[in-house]
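# Understanding the architecture of this molecule
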Amino acid sequence: MKIAISEFVTLDGVSQGPGSPSEDTSDGFTRGGWLVPHMDELFVRRMSEWLNLADGLLLGRRTYEAFARDWPQITDPDDPFTERMNSLPKYVVTSTLSEGTWKPTTVLRGDPVQTVGELKARPGRELQIHGSARLGNALLAAGLVDTLRLAVAPTVIGSGRRLLDHPSRPAGLRLVQHEVTVNGVLLLEYEAVGAAPVAEYEGVTDFL
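Residues numbered from 1 in each chain as written. Predicted model: local features only at pLDDT ≥ 70, side-chain atom pairs only at ≥ 80, totals over all residues. Heavy atoms only, no water.

Scanning all chains against the criterion turns up 12 salt bridges. A salt bridge links arginine 125 to aspartate 55; the nearest nitrogen and oxygen atoms lie 3.0 Å apart. One end of the pair, arginine 125, is in the loop between α4 (112-120) and β5 (126-130); the other, aspartate 55, is in strand β2 (residues 54-60), and 70 residues separate them in sequence. For arginine 125, a relative accessible area of 42% gives the class partly exposed. The class for aspartate 55 is partly exposed, based on a relative accessible area of 28%. Residues arginine 61 and glutamate 65 are paired through a salt bridge, measuring 3.1 Å at the closest nitrogen-oxygen approach. Remark: glutamate 65 and arginine 61 occur in helix α2 (residues 61-70); sequence separation between them is 4 residues, near one turn of the helix. With a relative accessible area of 35%, arginine 61 lands in the partly exposed category. (Salt bridge = Lys/Arg side-chain N within 4 Å of Asp/Glu carboxyl O. Helix = DSSP H or I, 4+ residues; strand = E, 2+ residues; numbered from the N terminus. Buried < 20%, exposed > 50% of the residue type's maximum accessible area, 1.4 Å probe, protein only.)

Attention shifts here to the nonpolar core. If you look at the biggest cluster of nonpolar residues, it comprises 27 residues, and the most contacted ones within it are Met85 and Trp102. Listed by contribution, the elements that provide at least two residues to this core are α1 (41-52), β2 and α2. Residues contacting tryptophan 102, with those up to four places away along its chain left out, are Leu57, Leu59, Tyr64, Phe67, Ala68, Trp71, Pro72, Met85, Asn86 and Lys90. Ranked by size, the runner-up nonpolar core spans 23 residues in total, among them Ile129, Ala133, Leu135 and Leu163. (Core = buried A, V, L, I, M, F, W, Y, C linked by side-chain atoms within 4.5 Å. Contact = heavy atoms within 4.5 Å.)

Okay, here's the thing in structure tokens:
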């Protein structure tokens, strides 16, 4: 299977609490709900299409507990995500949980790089990381991530947990899809290409 990160971020890279001021107040965060004013029909349709590619969800413990609390409570039959989020296999990377309450859940203990690497070797489409920025960073640094999808909201909030916060080694990405919604959300899809390339600037004529 491929490992895909799907995340909502601000222009300054914050991924914490996109859906509500009370969604994630850890570390004293008070600026949640920044994505909601920018959502529209195209945004929802693309997010649904991204989720359609998943054969499972790969989550860190904190995101797993928040999702397990919230998603089973959504009863709107017209919600395009609820049935899939609740029914997809969940894999939670944790050293503190022994079992999951949001079925079906498999608890992955031990070294995340090793346990996720074993999952990645199985046949299938995508294991998708939603939220779980620290897990995504660790797997990106380890070279296990194949795809990075970002919905970038046109807002700067100045504080909060950032998605891509200094992986242990540079990671190269190639932009393969891009789109902008009516409300200004950038929808970006990147393919991981290994180590980030570098070069030395020797003049503008090299690019003409």
